[in-house]
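Survey of secondary and tertiary structure
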Number of protein chains: 2
Amino acid sequence: MIYSGICRKPMSLSLSLQQRRKQLAQLFDDPVVLWSGKALSRNFPANRYPFRANSHFLYFAGLQLENAAIHLENGKLTLFMDNPPPAATLWHGEMATREQIANTIGADEAYPLKELATRITDIATIPVQDRVTHQEQCQLLGRDLPVAKALKGKDLDLAQAIVSIRLCHDENALAELKKASKVSVKAHKAGIRATLQAKTESEIRSAMEGVIIAHNMTCAYNSIVTVQGEVLHNEDYHNPLQSGDLILADVGAETDSGWASDITRTWAVSGKFSATQRDIYNVVLAAHDACIAKMRPGVEYRDIHLLAATVITGGLVDLGILKGNSADLVEQDAHALFFPHGIGHLLGLDVHDMEDLGDVAGYETGRSRSDRFGLGYLRLDRKLRPGMLVTIEPGFYQVPAILNNPEFRQKYQNTVNWERLAQFSDVRGIRIEDDVLITNNGTEVLTAELPNKIAEIEFLMAT
Amino acid sequence: MIYSGICRKPMSLSLSLQQRRKQLAQLFDDPVVLWSGKALSRNFPANRYPFRANSHFLYFAGLQLENAAIHLENGKLTLFMDNPPPAATLWHGEMATREQIANTIGADEAYPLKELATRITDIATIPVQDRVTHQEQCQLLGRDLPVAKALKGKDLDLAQAIVSIRLCHDENALAELKKASKVSVKAHKAGIRATLQAKTESEIRSAMEGVIIAHNMTCAYNSIVTVQGEVLHNEDYHNPLQSGDLILADVGAETDSGWASDITRTWAVSGKFSATQRDIYNVVLAAHDACIAKMRPGVEYRDIHLLAATVITGGLVDLGILKGNSADLVEQDAHALFFPHGIGHLLGLDVHDMEDLGDVAGYETGRSRSDRFGLGYLRLDRKLRPGMLVTIEPGFYQVPAILNNPEFRQKYQNTVNWERLAQFSDVRGIRIEDDVLITNNGTEVLTAELPNKIAEIEFLMAT
Ligand SMILES: [Mn+2]
Ligand SMILES: [Mn+2]
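Keep in mind it's a predicted model, so treat the numbers as computed, not measured. (Residues numbered from 1 in each chain as written. Chains lettered and ligands numbered in written order. Predicted model: local features only at pLDDT ≥ 70, side-chain atom pairs only at ≥ 80, totals over all residues. Heavy atoms only, no water.)

Remarks on the sheet that holds strand β8 (residues 224-226) of chain A
Residues and elements named next belong to chain A. Read from one edge to the other, the open sheet built from 3 strands follows the order β8-β9-β11, with strand pairing classed as antiparallel. Each edge of the open sheet carries a strand with a single partner, namely β8 and β11 (263-268). Direction aside, the axes of adjacent strands within the sheet are offset by 10° on average. (Pairing = 2+ DSSP bridges. Helix = DSSP H or I, 4+ residues; strand = E, 2+ residues; numbered from the N terminus. Axes fitted to C-alpha atoms, helices over the stretch in contact; angles between N-to-C directions.)

Brief notes about the packing of aromatic side chains
The geometry of an aromatic ring pair is captured by the separation of the ring centres together with the interplanar angle, meaning the angle of the planes. Residues and elements named next belong to chain A. Under the criterion given, the structure shown has 17 aromatic pairs over all chains. With centroids separated by 5.1 Å and ring planes inclined at 5°, the aromatic side chains of F338 and F396 adopt a geometry described as stacked. One end of the pair, F338, is in the loop between α11 (326-331) and β12 (389-392); the other, F396, is in strand β13 (residues 395-397), with 58 residues separating them in the sequence. Classification of F338 as buried rests on a relative accessible area of 0%. For F396, a relative accessible area of 1% corresponds to the buried category. Feature note: the residues Y59, F60 and W259 constitute an aromatic cluster, connected by ring pairs. (Phe/Tyr/Trp six-rings, centres within 6.5 Å; stacked < 30°, edge-to-face > 60°. Buried < 20%, exposed > 50% of the residue type's maximum accessible area, 1.4 Å probe, protein only.)

Considering the pairing of strand β15 (residues 434-438) of chain B
All names here are of chain B. Most of β15 is tucked away: 5 of the 5 residues are buried. Here β15 shows two buried faces, one formed by D434, V436 and I438 and the other by D435 and L437. The pairing of strand β12 (residues 389-392) with β15 spans 4 bridges and is classified as antiparallel. By the bridge assignment for β15, V390 is matched with V436.

Observations regarding the domain arrangement of chain A
Residue and element names in this part refer to chain A. When cut into domains, chain A gives domain 1 (4-166) and domain 2 (171-462). The gap between the C-alpha centroids of domain 1 and domain 2 is 33 Å. Contacts between the two partners involve 24 residues from domain 1 and, on the opposite side, 19 residues from domain 2. A combined buried area of about 1700 Å² lies between domain 1 and domain 2, and 53% of that area is made up of carbon and sulfur atoms. (Domains from an automatic or database assignment. Contact = heavy atoms within 4.5 Å. Buried area = accessible area lost by both parts, 1.4 Å probe.)

Quick word on the side chain of Q398 of chain B
Residue and element names in this part refer to chain B. With respect to the element layout, Q398 can be found in the loop between β13 (395-397) and α12 (400-403). A polar contact is formed between the side chain of Q398 and the backbone oxygen of F424, at a distance of 2.9 Å. Reaching out from Q398, the side chain makes a polar contact with the backbone oxygen of V427 at a distance of 3.2 Å. Once you skip the residues sitting within four places of it in the chain, Q398 turns out to touch E230, L403, L421, F424, S425, V427 and R428. (Polar contact = N/O pair within 3.5 Å; in protein donor to acceptor, adjacent residues only side chain to side chain.)

Structure (structure tokens):
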């Protein structure tokens, strides 16, 4: 991590970018070109999805430049982009020129995009998501580029170098990440406060995303705002709210330079958790708190996942839902019946940071996904280091596809007290997710301002 | 247009789709395959932009099915799509099967997507926007498909047949379009009402899009909410509001089946228009009202554009900004100094309906874009017909790129009273846009519930 020492003024963008280039130059010798990508259209060309630059480009270029590329070599930055055509002024107003942008980001040189062809020999790169730019990349390089999660040779070396830099956030990144989490906290508070007046999921979503829009940010990912918390990636918002329901909201903001946050809260539509909802919620919260208490540099994130699994199974034993002791139950993957995802993931420019690279960022070199039911979904398997930002998001879900699976019913026949479980039918899905920064000697929870204790959430709803 | 006669109950989706297929069969003999397209990713595969199906597919299939295709021949509908993989249930919950969907949309047969390869001979199609699907289309057909605006041969014949059907909306479409306009009207009212408390453009945007989200709709296009109304496609929302500013908001909702609305209003940040803002606003409103009063079947839309130009130049002559008479001024394109876009466009499943096809929908066969400064931006040049939905959106803008252009300064040296114009410097951009349905004997303004008179807007702001 880069600290500016006693200087309180945040480091300028161009200085931060310079530091990042220096780090890269220390780890990687060959020249590098990174592309920003192109805007995508929604059914006809002029109706465009909001543009989002490729995150690796963004990390080293700092600005959401459309259809641009940067050449990096020995810490030197060359920008390639075209000036806006004169006619664009009518539709888009005055736009920054290449020279102005080069100045803002501290580029050493700047050229029109067509000059890129002359600087492409022997470079390493990361392919972008949009197919049009990907094909341009292949054509310019004169070689086939696989998708970003299947890189080989020096492109893979480059990816590993970038990962090792992006894994630990610098001062500029942290300032942005804190902005994003601050607005996301506000969004969740607004959602909680809007609930007693709301009639549908979409009205709560509106209150939450409204805060993000009002702060001129975007959603870092498609919001989940649902009474069907057991559907893990639910992106429907049509359900009416009913008084016994829990609402699960997984909503996060992203700053204009692309830095993300990722928060989940679960609360009672009526303003009061039922006794059963309260019991399970407190099990999930205990897991959440236990994980954060254990996190510090040197700890294996996988052990944090297993700790969550242990606390959850222990809590479910105490509630009479599971039978046995938690260590054995976790070894049998019984936790995954109710907690079938990982405890969290890296967070940065992407909400699943660097997931375009497959597991190159998430998994320490030499490690790979487990085929265990209770570990296979873990997105991060590394030792924690200062400057890493990760989510901690334990959950409890009653997923019909899991709990009604005959194989599981058989395997866990004597592990689950199915009759007791039936008494918790008003708990469909609970998740509590916070963004946790690893510091030199422990953690800083960036989203700590948002309550997660039942009493505090209920108080917030009523005010 | 299809009317269900005295039956008050809206026609079922499958019946509407059947009618649409019958219309197509009457106009086009060859078999047709239409693809829905694939979701696009935002920087890494799992972070997807909200999926929007191709509009031609949507028109005949009715549902936003991802990665599906339909085969149409002699009024018969065959659906090609894969069932969700079993593992998808965990993440996405129970999803409709191919058979269930086939039943909902009234498909005669339904097969897995791979069967499509057997039904592809001699078909006509329309290429979709996303490059991945476009390439699959080319590969399956064994021929190069250009982009949708450059079709040839039987694909172009198909496009023309579809255009002639989609130009005039049926009962099902109108019901959806009215839903979209109703929510958009609410959104604008919320934006107007939020202004006196708002400090930035983004806060007004939040109030407006919040309504759209609360009704579980999406934005039909990227909202424009700006104090810089002279930047025609302004998609920034960062400006603070200042008391002398006008705010221009062009915001429209889209229903879940893809039908759009498109509304613009302009109002004073302070709650009170200045005298100069009032004068120009009333010129634009007079143009708006004059256009709508003239519209009925048989009228040329181009004449409506020229009428708007005439009313605007006439009004500017009365205000002392232009010199001469309005007919001459329009012939000299002087209107385009301040109104440099067309009076409107088709509205339907796309906010610029069928603009993927270039001008095939907008321009009557045999007509093409004018190279006149005052006509070239016109997106629609057809005789109006019952069932057509168009926007009427006159405006007045002080665009530096136009007004400071030395060529124009020279050409219109004696046409514009530049000193008088300088007194209107607090009018940067005004637009008033409504959605106008052509009926059998006139028009129905779908967005009429939203005030456009200054007194009514000022009243709304204060309440
Ligand atoms: Mn997360
Ligand atoms: Mn419009």
